Amino acid sequence: MKRTPIVAGNWKMNLLGSDVVAYAEALAAAGPPETDVDIVLFPTPVYLAAAARAMLEWASVGAQDVHAEEKGAYTGDVAAAQARDAGAAWALAGHSERRQYHGESNVEVARKAERTLGVGLTPVVCVGETLEQRQQGETEAILDAQLAPVLAVLDAADGDTEGGAVLAYEPVWAIGTGLSASPEIAAAVHSHLRRALNDYRSGLGDAARILYGGSVNADNCVDLLGRPDIDGFLIGGASLDPASFLRIIRLCAGSGSGPAP
Ligand code: PGA
C-alpha cells in the first residue's frame, strides 16, 4: 500500500493575520501545489478561517487543539464543530505542548480525538517521550500508554475520514531544540507504532500515516523520509517561513512511502 506523504506545518502561537496572507501569496507564487504530497497547515485558532480561505488550493488547514466537550461554558476554548465550521479538515490531538502546559492526559487526548472524528475532521494524534523517559529506557512503554486509549479512534478514522488514520511521533526532546531524532531512532519508533496499530487490527498499521516531528528542516527531511515507516512530517519552526516550508515540500514530493502496490 502506497501512503501519500503528509507535510504539515504547526505554526503554534506565531504569525499575524498579515503574515498568513503573505504566506498564502508566497505559496501561490511558487506555482501549483505538489499533487503527491498532502499539505496541511495548523494556524492559531483566530486565523483558522482566514488561512482556510487564503490557502484554498495549496493546503488544507487544521486546528491545533479542540475541546473534548461538544460545546458549552469553556472560555477561551474551541469546539471541534467550530473548527470545522471555520474551514478546518484536520485537528491535532495531544501535542506535547498541550500535554505539558495544559496537563492533558492520555484519556483526555483520546476524547479530543474522538470529538474531532465525530464532526468529520481527521485527528492527528501526537505521541512522544521526554528525554528522561528515553534515558530510562521507557520510550516504548510511554508510547504504548499514549496510544492505548486512541487505538479505537484511529481505527475508526481509517474508514471514516478523508485523511485516514494519522499518528505523529514527536519526541519531546527533539521539539524546538534543533536536535532532530536520527533516522535510525525515528524509524525504530515508527516501526514499533505501526506494529502496535497492526496488532490492534490487521491492516490498520499498513494504512496509517505516521509522521515524524521534532526539528525537521530541509537538511534532514530527505534522510528521514527515506525510511519505510516515516510518512511525512509535522514541522514547527521550519514551517514559519514559506520558503523553508516549500523547500521541504519539494524535497518530499515524489517519495511516497510504503511498499509499492
Ligand atoms: P519543531 O516543532 O519543528 O519546531 O521542532 C515541531 C512540533 O512541535 O510540531
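Structure report, in brief.

About the criteria used
- Residue indices begin from 1 for each chain and proceed along its sequence in written order.
- At least 70 in pLDDT is required for a residue's local features to be given in this predicted model, at least 80 for side-chain atom pairs to be given and counted, and no such filter applies to totals for whole chains, interfaces and linings, which use all residues.
- Only hydrogens and water are set aside when side-chain values are computed; all heavy atoms of the structure are taken into account.
- The helix count covers DSSP runs of H or I at least four residues long, the strand count covers runs of E at least two residues long, and both are numbered beginning at the N terminus.
- We compute the radius of gyration over the C-alpha atoms and compare it with the globule rule, which gives 2.2 Å times the number of residues raised to the power 0.38.
- Residue exposure (1.4 Å probe, protein chains only): buried if accessible area is under 20% of the type maximum, exposed if over 50%, otherwise partly exposed.
- It only takes one pair of heavy atoms within 4.5 Å for two residues to be counted as in contact.
- The protein chains shown are the only cover counted for residues, whose accessible areas, like all others here, come from Shrake-Rupley with a 1.4 Å probe.
- Near residues are defined by distance, with any heavy atom within 4 Å of the molecule or strand qualifying the residue.
- Contacts described as polar in this section are N or O atom pairs within 3.5 Å, which, within protein, must combine one atom able to donate a hydrogen with one able to accept it, while residues neighboring in sequence count only if both atoms come from side chains.
- What a helix should span is 1.5 Å times the count of its residues minus one.
- As used here, the arc is the angular range of directions from the helix axis to the C-beta atoms.
- Structural elements are reduced to axes, namely lines fitted to C-alpha atoms, with helices fitted over the stretch in contact, and the angle between N-to-C directions of any two is expressed from 0 to 180 degrees.
- Note that the term roughly parallel is reserved for angles under 35 degrees, roughly antiparallel for angles over 145, roughly perpendicular for angles of 65 to 115, and oblique for everything else.
- Crossing handedness is defined as follows: a turn of the near helix away from the far one that is anticlockwise and smaller than a right angle gives a left-handed crossing, while the clockwise case is right-handed.
- Polar here means any residue outside two lists: the nonpolar Ala, Val, Leu, Ile, Met, Phe, Trp, Tyr, Cys and Pro, and the charged Asp, Glu, Lys and Arg; Gly therefore counts as polar.

**Some thoughts on the overall build of the protein**
Helix and strand counts for the protein stand at 12 helices and eight strands. Here the C-alpha atoms of the protein give a radius of gyration of 17 Å, agreeing with the 18 Å that 2.2 N^0.38 yields for 261 residues. By the burial criterion, 50% of the 261 residues in the protein qualify as buried. Considering only intrachain contacts with a sequence separation of at least 6, the fraction spanning at least 24 residues in the protein is 73%. Looking at the protein as shown, the accessible area adds up to about 11,300 Å², and 52% of this sits on carbon and sulfur atoms.

**Description of the site of the ligand**
Around the ligand, the structure places 13 residues, and the nearest of them are Lys12, His95, Glu170, Gly176 and Ser215. Taking Lys12, its side chain carries an N or O atom lying 2.7 Å from an oxygen atom of the ligand. Contacts to the ligand include Glu170, whose side-chain N or O atom sits 2.7 Å from an oxygen atom. Within the complex, 94% of the 280 Å² of free accessible area of the ligand lies under protein.

**Points about helix 1 (residues 17–29)**
It helps to recall that an α-helix has 3.6 residues per turn; residues three or four apart then point in one direction. Its 13 residues give helix 1 an end-to-end C-alpha distance of 19 Å, which sits within 8% of 18 Å, the value for a rise of 1.5 Å per residue. Among all positions of helix 1, only Val20, Tyr23, Ala24 and Leu27 are buried. The buried side chains of helix 1 occupy one side of the element, clustering within an arc of 95° when seen end-on. In helix 1, those exposed residues whose orientation departs by more than 90 degrees from the buried face are Ser18, Glu25 and Ala29. The elements touched by buried residues of helix 1 are strand 2 (38–42), helix 2 (48–55) and helix 12 (242–252). Among the residues trailing helix 1, Gly31 stands out with phi positive, at a value near 95°.

**Here's the deal with the packing of helix 1 against helix 12**
Contact geometry for helix 1 and helix 12: axes closest at 10 Å, N-to-C directions at 40°. In terms of axis orientation, helix 1 runs oblique to helix 12. Like other packed secondary-structure pairs, helix 1 and helix 12 cross with a definite hand, here right-handed. Between helix 1, through Tyr23, Ala26 and Leu27, and helix 12, the contact on the second element is made entirely by Pro242, Phe245 and Leu246. The class makeup of the residues in the contact of helix 1 with helix 12 is six nonpolar, no polar and no charged.

This is a description of form; function is not addressed.
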